[in-house]
Structure formats: C-alpha cells, structure tokens
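What follows is each chain in one-letter form.
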Amino acid sequence: MSTTGARRAIVVGGGFIGSAAATALAGDGWDVRQITRAPTIPIAGVIRVAIDYRDTAMAEHLAGAEALVFATGEMLPAFLPDDFAASYVEQVAPVITLTERAHRAGVARMVFVSSGGTVYGPAVTVPTHEDSATEPVNAYGCLKLQTEVALRFLATRLGISVVSLRVANPYGPGQRTDRGLGFVSVALDRALRGQEMAIWGDGEVTRDYLYIDDLGRAIAAAARTRTEHDVINIGSGHEISLNSVCALVEELTGRTISRSYFPPRSVDVPRSTLAIERAARELAWRPEVDLREGIMRILDART
C-alpha cells in the first residue's frame, strides 16, 4: 500500500537487485512501484506493476514520480553476443527511451545500476577509482558503459539528474545460483548440496563482493541525493580471491567444496576491487556487512 504524501519512486527490475532497491526505498518512506514482468516475492510498501518497461504505458506510471531506478538487464557478464549491434539496440536504446519518457513525465532523478566489475579494464590500479580508464573486455561491460555515456548526454541535454552506480559483485539471500554469476552464493549452494564447483582459471583472480542490503541502501541514498559526480562506485572496498571465498565457505559450513578448474576466460579481468571514497563523501554511504557476516546471513535465511 502506498504512503499518502510520500515521494514516489519507480524501480525497473523485479530481480535480485531491483527487489533490494525497492525494499530499501520503501524503508526510507518512498511510495514505490516496482516494474517487472516476472513474479516477485511481495515487498511491504511496494506496489508491483506487471508491465514491460519498454511499453508506452510506462508513461502513466512515471507520472508523478520523483525518482527512477533502472536495475534490470537481460545480458550476463560472460555472454558473447553473435550480433553486437542487435545487443546494443536491445540493451542500450530502451534505457534512452525510458529516460526521455521519464523526463517528459517530470521525473527529477534517475539512478542507473551499472557494473563496477566489468567497465574498468584489466590494467587499472586496484582498488579502482571512478576516474580510472574504462576499457571493458566483455560485451556486458561495454554496453553498461555505453548506457552511462548516453545517460550523461541526456542529462546535459534534458536537465534530468542522472547517476550511474558502478556496482561490485552483489550476493545475499534469495540470489539465483543457476545463471553462471553470483560466485559467493553459488559456492555456498554447491557446498551445502555437495555438488561440484566450476572455477575458470586458477582461482586466484580477485573480486569485490557486496552484500545485497548494502547495495539497496546505496541505491536509496542515490535516489534521494543530488551528487556532484554522475558516476559512483559501490562496493566493499576489499578484494578476495575465488579460492579464498571457497575456503571461507568451507569454514563456515563445515563442508568441502569439490572444485573443477578450467582454462581462464577472455571476458574476465584478473583483479577487481572498487575504491568507495566517493560514495562515502557524496552519498554518506558505507558498506556495513562484511563477507563473513554476509555468508552467515545467507545460511540463517536457508534454515
């Protein structure tokens, strides 16, 4: 049920990140409408709207909204498109159209959930700052970056306030483990089920893992705050190798993970960790849940 007199926020995306954003915004007192084509678990204070965000009927839902959060996508980081031009049209152009519609409807602020793990290149300094070179090695990162550029242009031309959050690798309760992403959640699932874990490379590549509730808080902060910069990293600020994640999961579960190692993939960078000082300054945000506690929370949610 909506809150009378509350600011309205539209969240595009009914998945793991979109639901975290909707939950955090509702907790902050927003009147939240979650746009999704997929069934979702009901969220207190959130109205679910079953519609494709590309539909012209989106205009009526955008009317009266103050903030728009775009937290969905159909491409996975390891996906290699046969037709990159078609992928561009499918992934980037609809976000541009939606932003233009939002501007016409009077939306003042747009938050785009981008990728901090894929837009930066393999040669950047770690932890990586927002002003570092952006040289993505996979199509996913390239299209996220192209969307950021397009939104920056629209912000200049239209006057709508836009911020792109370059997000680390989120994990937490409720994350799917059947899509080839979410290493922490997959490792935990494989340990508990006694199933084999596939690792690309020697397992010494590092990643930055962010608990999903911390990400939700960051999105909510970005929705309510007009920032100096239009790109902000959101991560834990710490790097950990895949092998170390597996070892931590084994310690906390008391189970052994059977690991199979495969040749490294060209779509993966060797190290990825985000510098998060800008988020602290401009959003008054810092992560609160470390990896050990986050894994324990997933275990508690499964029992």
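Rules of the game
- Residues numbered from 1 in each chain as written.
- Predicted model: local features only at pLDDT ≥ 70, side-chain atom pairs only at ≥ 80, totals over all residues.
- Heavy atoms only, no water.
- Helix = DSSP H or I, 4+ residues; strand = E, 2+ residues; numbered from the N terminus.
- Rg over C-alpha atoms; globule rule 2.2 N^0.38 Å.
- Buried < 20%, exposed > 50% of the residue type's maximum accessible area, 1.4 Å probe, protein only.
- Contact = heavy atoms within 4.5 Å.
- Areas by Shrake-Rupley, 256 points an atom, 1.4 Å probe, with all protein chains shown as cover.
- Lys, Arg positive; Asp, Glu negative; His and termini not counted.
- Charge placed at Lys NZ, Arg CZ, Asp CG, Glu CD.
- Axes fitted to C-alpha atoms, helices over the stretch in contact; angles between N-to-C directions.
- Parallel < 35°, antiparallel > 145°, perpendicular 65-115°, else oblique.
- Left-handed = near helix turned anticlockwise from the far one by under 90°.
- Nonpolar A, V, L, I, M, F, W, Y, C, P; charged D, E, K, R; others polar.
- 1 Å grid on protein atoms, 1.4 Å probe; cavity = no way out; pocket = protein on both sides within 12 Å on 5 of 7 lines; lining within 4 Å.
- Points joined across faces, edges and corners; volume = space filled by probe spheres on them.
- Salt bridge = Lys/Arg side-chain N within 4 Å of Asp/Glu carboxyl O.
- Pairing = 2+ DSSP bridges.
- Phe/Tyr/Trp six-rings, centres within 6.5 Å; stacked < 30°, edge-to-face > 60°.

Colleague: Would you mind going over the overall build of the protein chain with me for this structure?
Modeller: When helices and strands are counted, the protein chain shows 10 helices and 13 strands. Its C-alpha atoms give the protein chain a radius of gyration of 19 Å, near enough to 19 Å, the size a compact globule of 303 residues would have. Counting only C-alpha atoms and orienting by the principal axes, one finds that the protein chain spans roughly 55 × 40 × 40 Å. The proportion of buried residues among the 303 residues of the protein chain is 52%. A sequence separation of at least 24 residues applies to 76% of the contacts in the protein chain between residues at least 6 apart. As presented, the protein chain carries roughly 13600 Å² of accessible surface, and 51% of it is formed by carbon and sulfur atoms. Looking at the protein chain, you have 31 positive and 35 negative side-chain charges, and the mean spots of the two groups are 4 Å apart.

Colleague: Teacher, can you tell me more about the packing of helix H8 (residues 242–253) against helix H10 (residues 291–302) here?
Modeller: Pairs of packed helices are described in terms of their axes, by the angle between the two and the distance that separates them. Across the interface, H8 lies against H10 with an axial gap of 11 Å and an inter-helix angle of 50°. Classified by the interaxial angle, the pair formed by H8 and H10 is oblique. Note that H8 runs across H10; the crossing there is right-handed. For the pair H8 and H10, the contacting residues are Val245, Leu248, Val249, Glu251, Leu252 and Thr253 in the first and Leu291, Arg292, Ile295, Met296 and Leu299 in the second. Split by residue class, the contact of H8 with H10 holds 8 nonpolar, 1 polar and 2 charged.

Colleague: Can you help me understand empty space enclosed by the protein in this one?
Modeller: Tallying each qualifying case throughout the model produces 1 cavity of 30 Å³ or more. Taken together, the residues that form the lining of the largest cavity break down as 2 nonpolar, 6 polar and 1 charged.

Colleague: So what exactly am I meant to see when it comes to unusual backbone geometry here?
Modeller: Residue Pro127 is bonded to the preceding Val126 through a cis peptide linkage, with omega at -5°. Tracing the backbone through its elements, the reader meets Pro127 in the loop between strand E5 (109–115) and helix H5 (139–158). The phi torsion at Ala284 lies on the positive side, around 55°, for a residue other than glycine. With respect to the helices and strands, the residue Ala284 is situated in the loop between helix H9 (277–283) and H10.

Colleague: Help me understand the pattern of salt bridges, please; the structure alone is not making it clear to me.
Modeller: Two side chains bearing opposite charge may form a pair once their charged atoms approach each other closely. Within this structure, the stated rule accounts for 22 salt bridges. Put simply, Glu148 and Arg166 hold a salt bridge, and the shortest N to O gap is 2.7 Å. Highlighted residues: Glu148 in helix H5 and Arg166 in strand E6 (residues 161–167), separated in sequence by 18 residues. Taking relative accessible area as the criterion, Glu148 reaches 2% and is therefore assigned buried. For the salt bridge of Arg152 with Asp230, the shortest nitrogen-to-oxygen distance reads 2.8 Å. Linking Arg152 in helix H5 with Asp230 in the loop between helix H7 (212–224) and strand E11 (231–234), this pair joins segments that are 78 residues apart in sequence.

Colleague: How should the sheet that holds strand E3 (residues 46–50) be read in this particular structure?
Modeller: Strand order across the open sheet formed by 7 strands is E3-E2-E1-E4-E5-E6-E11, with parallel pairing between neighbours. Both outer strands of the open sheet, E3 and E11, are each paired with one neighbouring strand and no more. Direction aside, neighbouring strands of the sheet carry axes that sit 20° apart on average. Pairing between strand E2 (residues 31–36) and E3: 5 bridges, direction parallel.

Colleague: Quick question: what am I supposed to make of the side chain of Thr273 here?
Modeller: Mapped onto the elements of the fold, Thr273 is located in the loop between strand E13 (258–262) and H9. Exposure remark for Thr273: the relative accessible area of 2% places this residue in the buried category. In this structure, Thr273 is in contact with Val126, Pro127, Thr128, Thr206, Asp208, Gly237, His238 and Glu239, ignoring residues within four places of it in sequence.

Colleague: So what exactly am I meant to see when it comes to the packing of aromatic side chains here?
Modeller: Each aromatic ring pair is specified by the distance between its two centres and by the angle formed by the two planes. Within this structure, the stated rule accounts for 4 aromatic pairs. Between the aromatic rings of Tyr53 and Phe70, the centroid separation amounts to 5.1 Å while the plane-to-plane angle is 80°, which identifies the pairing as edge-to-face. Note that Tyr53 is positioned in the loop between E3 and helix H2 (58–62) and Phe70 in strand E4 (residues 67–70), a separation of 17 residues in sequence. Residue classification places Tyr53 among the buried positions, given a relative accessible area of 12%. Using a relative accessible area of 3% as the deciding quantity, one classes Phe70 as buried.

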